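Fold and geometry: a report
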Amino acid sequence: MLSELEDAFLSDLEEKLRDVSPYDREGVQRRVEMCLDNAMQRKELTLLLMRNAVGTGFAQRLFSLPGIENLLSEKLSDVESEAERHARISFVTYGAYQLLQEWLNAPDPVSTEEETALILKLARRIC
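First, a word on scope: everything that follows refers to the structure included in this document. (Residues numbered from 1 in each chain as written. Predicted model: local features only at pLDDT ≥ 70, side-chain atom pairs only at ≥ 80, totals over all residues. Heavy atoms only, no water.)

**Regarding the packing of helix α1 (residues 2–17) against helix α3 (residues 43–51)**
For the pair α1 and α3, the least separation of the axes is 11 Å and the interaxial angle reads 125 degrees. Taken as axis vectors, α1 and α3 run oblique relative to one another. Our pair here, α1 against α3, has a crossing hand that is left-handed. Facing Leu2, Leu5, Glu6 and Phe9 of α1, the residues of α3 in contact are Leu45, Thr46, Leu48 and Leu49. Looking at the contact of α1 with α3, its residues break down into six nonpolar, one polar and one charged. (Axes fitted to C-alpha atoms, helices over the stretch in contact; angles between N-to-C directions. Helix = DSSP H or I, 4+ residues; strand = E, 2+ residues; numbered from the N terminus. Parallel < 35°, antiparallel > 145°, perpendicular 65-115°, else oblique. Left-handed = near helix turned anticlockwise from the far one by under 90°. Contact = heavy atoms within 4.5 Å. Nonpolar A, V, L, I, M, F, W, Y, C, P; charged D, E, K, R; others polar.)

Dropping the structure here:
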C-alpha cells in the first residue's frame, strides 16, 4: 500500500515538474521550489512516506526529480574519483531530505523560497 502511495506521489510530482528545465540554475531552483511546495501542500502524506520509507529509495527518487544533480555536475566535473562524486551527491541528497523533514515539522517554517535558497546554497558549497 505504501509503495503504491509513494509511486503515485512521485509520479504526480514528476508530472508537475515536466515543463521546467533541470539543466540550468533557474530551472533547478524552480523545480526545488515546486518540490517543496508540493511537500508542504501534501504535508501529511509527505511525512507519512518519509517516516515509513524503507532504505534510501524514497529520498533518492524524491531528490532526483528537481535535477539538483544536474546543477552540481559542472562543479563535480573536476573531481576525478567516481566514489567521491557519488559521496558528495549522496551527502547533498540526504542532507536535503533531512532539511525537508525538519522544515515540514517546524512550527513556523520559513518560506518555500527561503528553504530552497538554503538547500541550494549548501549543495553548492558541498560540491
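There is more to say, and it comes next.
**Some remarks on the environment of Glu4**
Tracing the chain through its elements places Glu4 in helix α1. Take Glu4: its relative accessible area is 56%, and that puts it in the exposed class. A sequence separation of 57 residues divides Glu4 from Arg61, and the C-alpha atoms of the two residues are 14 Å apart. (Buried < 20%, exposed > 50% of the residue type's maximum accessible area, 1.4 Å probe, protein only.)

**What to know about the nonpolar core**
Within the largest apolar cluster, 26 residues are counted, with the highest numbers of intra-cluster contacts made by Phe58, Leu62, Tyr97, Leu100 and Leu104. At the level of secondary structure, the elements contributing two or more residues to this core comprise α1, α2 (25–41), α3, α4 (57–64), α6 (82–105) and α7 (112–126). Counting residues per element, this core draws most heavily on α2, which supplies six residues. Non-local contacts of Phe58, meaning those with residues more than four positions away in its chain, are made with Glu6, Phe9, Leu10, Leu49, Met50, Ala53 and Tyr97. In this structure, Leu76, Val79, Val92 and Ala123 belong to the second largest nonpolar core, which totals six residues. (Core = buried A, V, L, I, M, F, W, Y, C linked by side-chain atoms within 4.5 Å.)

**Thoughts on α2**
Taking 1.5 Å of rise per residue, the 17 residues of α2 would be expected to cover 24 Å, and the 24 Å separating its terminal C-alpha atoms lies within 8% of that figure. Burial in α2 covers these residues: Gly27, Val28, Arg31, Val32, Glu33, Met34, Cys35, Leu36, Asn38 and Ala39. (Expected span 1.5 Å × (residues − 1).)

**A closer look at the packing of aromatic side chains**
The description of an aromatic ring pair rests on the distance of the ring centres and on the angle between the ring planes. Taken as a whole, this structure holds two aromatic pairs when the rule is applied. Consider the rings of Phe9 and Phe58, whose centres lie 6.1 Å apart with planes at 50 degrees: the pair is tilted. You can see Phe9 sitting in helix α1 and its partner Phe58 sitting in helix α4, a full 49 residues away along the chain. You'll find Phe9 and Phe58 in the same group, each marked buried. On the basis of an interplanar angle of 75 degrees and a centroid distance of 6.2 Å, the ring pair of Phe58 and Tyr97 is categorised as edge-to-face. Taken together, the residues Phe58 in helix α4 and Tyr97 in helix α6 connect sequence positions 39 residues apart. For Phe58, a relative accessible area of 2% corresponds to the buried category. Relative accessible area serves as the criterion here: at 11%, Tyr97 is assigned to the buried category. (Phe/Tyr/Trp six-rings, centres within 6.5 Å; stacked < 30°, edge-to-face > 60°.)

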